Amino acid sequence: MAEFSGKRIVLGITGGVAAYKAAELVRLLIKADAIVDVVLTAAGEHFVGSATFQALTGKPVWSDLWDARSPGGMAHIDLSRGADAVLVAPASADFLAKLAHGQADDLLSTLCLARACPLLVAPAMNRQMWEQAPTRRNARQLADDGIFLLGPASGEQACGEVGPGRMLEAFELFDALAAFFQPKLLAGRTVLLTAGPTFEAIDPVRGLTNSSSGKMGFALARACQEAGAAVTLVSGPVALQTPRGVTRIDVESAGQMREAVLNELPGQDLFIAVAAVADYRPAKSEHDKIKKDGKAKTLELLQNPDILAEVAASPDAPFCVGFAAESQNLAEYAEGKRRAKKLPLVVGNLVQDGLSGDANLVTLFDAQGAHPLPSAAKLVVARAIVAHIAAMLSPR
Ligand code: C5P
């Protein structure tokens, strides 16, 4: 099922250069099966033409409160009724001011007031405008009124200045909206995760590592955050963007990962160990680069501490989830690990089914037995794992 199947979204576009990003957002939403109605304000029409949005949605674009095409003759009611969310992107300083004061003098502001669904706004303006006292006041008022502010980001602006006020990118708004629709199964919970490989230094330029991409751990961190948890992610060296709202701590070696986990552990409700922690590290890491001298070399290895086993055995241990990536006998090895480390849940997968790719095929092992999940994108798999964990947690 596509991400937005069956969701009806009203996208309001007000006057700002960032209106061009709204076209890409509409394309992403339509591709994900959302039903999108576009409402352009008079100022918005100065920046983007309605023909673009009509072509992208295959539907008429609305801008006039008195539009006679509306079946009930009340475009604001027809559009807002039955919508799952209204998103205004870009939301200008003027539009934020109107919303904060409950003004309703055009189609978009009127339907925002008439809606019975959540309202999200993506501010976009010059940094001075965003930082002025009235805009700060309006933004606080909107948050108090239960309106969700997405961004703005900081960076280069169309006016040539640099600072806060840039609208989030289309893909970021898409992700934020997708997150918004996720059930808040972990609301009020705290989650600590490990992800990625570890790097065990041999000398200043060489080391032992593995091919873990970190994608599954990052997807799980994102899924936990979307489900309403406060998430801390301890990550080995990976080239991945931190999911929005997640606190990230970067480490290299298993020893550093253990230290970071033990530091962050107090007060955590859940510990999810996704990292492919190196089982062994060199007995010593050379201070200077090892030079080749024509002689054979032997590397002495010491076993690393098992972070997950240590956390699971600690007093007041959180609910612990382990991962088992195997190349054969998945059920036997994964269930064996679950029992040996005394874990309520182990997520098992065959390495050939998704170690570094974007999709994964996993089976969940708990005291009730094995629960295979369908093969899917790592984020979809992560959301299913979160749902399984939430069902296992004792209710608050
Ligand atoms: O025993 P094995 O290493 O296969 O177990 C894998 C699980 O244990 C994963 O959840 C992994 O993150 C965790 N682990 C750990 N510390 C280690 C080795 C594995 O936390 N040193």
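Residues numbered from 1 in each chain as written. Predicted model: local features only at pLDDT ≥ 70, side-chain atom pairs only at ≥ 80, totals over all residues. Heavy atoms only, no water.

A few words now on the state of the cysteines. Taken as a whole and judged by the stated rule, the model has 0 disulfides. Left without a disulfide partner, C112 is nearest to the cysteine sulfur of C117, which lies 8.7 Å away. (Disulfide = S-S within 2.5 Å.)

Turning to helix α8 (residues 170–180), a few remarks are in order. Of the residues making up α8, those classed as buried are A170, L173, F174, A176, L177, A178 and A179. For α8, the secondary structure elements touched by its buried residues are β1 (8–13), α1 (19–31), β3 (85–91), β4 (119–123), α9 (215–226) and α13 (378–392). (Buried < 20%, exposed > 50% of the residue type's maximum accessible area, 1.4 Å probe, protein only. Helix = DSSP H or I, 4+ residues; strand = E, 2+ residues; numbered from the N terminus. Contact = heavy atoms within 4.5 Å.)

Turning next to the site of the ligand. Near the ligand there are 13 residues, and of these A273, A275, P305, F323 and K337 occur at the shortest range. Within the backbone of P305, a nitrogen or oxygen atom sits 2.8 Å from a nitrogen atom of the ligand. For the ligand, whose unbound accessible area comes to 440 Å², protein coverage reaches 85%. Among the secondary structure elements, those contributing two or more residues to the shell around the ligand are α11 (307–312) and β16 (319–326). Of the residues belonging to the shell around the ligand, the class tally is 8 nonpolar, 1 polar and 4 charged. (Near = heavy atom within 4 Å. Polar contact = N/O pair within 3.5 Å; in protein donor to acceptor, adjacent residues only side chain to side chain. Areas by Shrake-Rupley, 256 points an atom, 1.4 Å probe, with all protein chains shown as cover. Nonpolar A, V, L, I, M, F, W, Y, C, P; charged D, E, K, R; others polar.)

Domain boundaries in the chain define domain 1 (2–180) and domain 2 (190–392). Placing the centre of domain 1 and that of domain 2 at their C-alpha centroids yields a distance of 39 Å. Taken together, the contact between domain 1 and domain 2 spans 6 residues of the former and 4 residues of the latter. When the area that domain 1 buries against domain 2 is broken down by residue, the three leading residues are E3, D175 and A179, summing to 56%. Run the count over domain 1 and domain 2 and you get 2 salt bridges. A salt bridge links D175 to R222; its shortest N-O distance comes to 3.4 Å. (Domains from an automatic or database assignment. Buried area = accessible area lost by both parts, 1.4 Å probe. Salt bridge = Lys/Arg side-chain N within 4 Å of Asp/Glu carboxyl O.)

Take the sheet that holds β16 next. The strands making up a sheet associate through hydrogen bonds between their backbones, and the pairing can be parallel or antiparallel. Here 8 strands make up an open sheet; going across it, the order is β12-β11-β8-β13-β16-β17-β19-β20 and the pairing mixed. A single partner strand is all that each edge strand has here, and the edge strands are β12 (247–250) and β20 (369–372). If you compare each strand with its neighbour and ignore which way they point, the axes differ by 20° on average. Sheet topology places strand β8 (residues 190–195) next to strand β11 (residues 230–235); 6 bridges connect them, and they run parallel. (Pairing = 2+ DSSP bridges. Axes fitted to C-alpha atoms, helices over the stretch in contact; angles between N-to-C directions.)

As a further point, take the side chain of T194. On the secondary structure map, T194 appears in strand β8. Classification of T194 as buried rests on a relative accessible area of 3%. A polar contact is formed between the side chain of T194 and the backbone nitrogen of A275, at a distance of 3.2 Å. Those residues within four positions of T194 in sequence are excluded, and the remaining contacts are L233, V234, M257, V261, F271, I272, A273, V274 and A275.

On to the sheet that holds strand β5 (residues 148–149). Reading across from one edge, β2-β1-β3-β4-β5 is the order of the 5 strands in this open sheet, with parallel pairing throughout. With partners counted over all chains shown, the strands left at the sheet margins are β2 (35–40) and β5, one partner each. In terms of strand pairing, β1 meets β2 through 6 bridges, oriented parallel. Within the sheet, the bridge partner assigned to V10 lies in β2 and is D37. Contacts from helix α5 (residues 107–114) reach β1, β2, β3 and β4, with the element oriented near 145° to β3.

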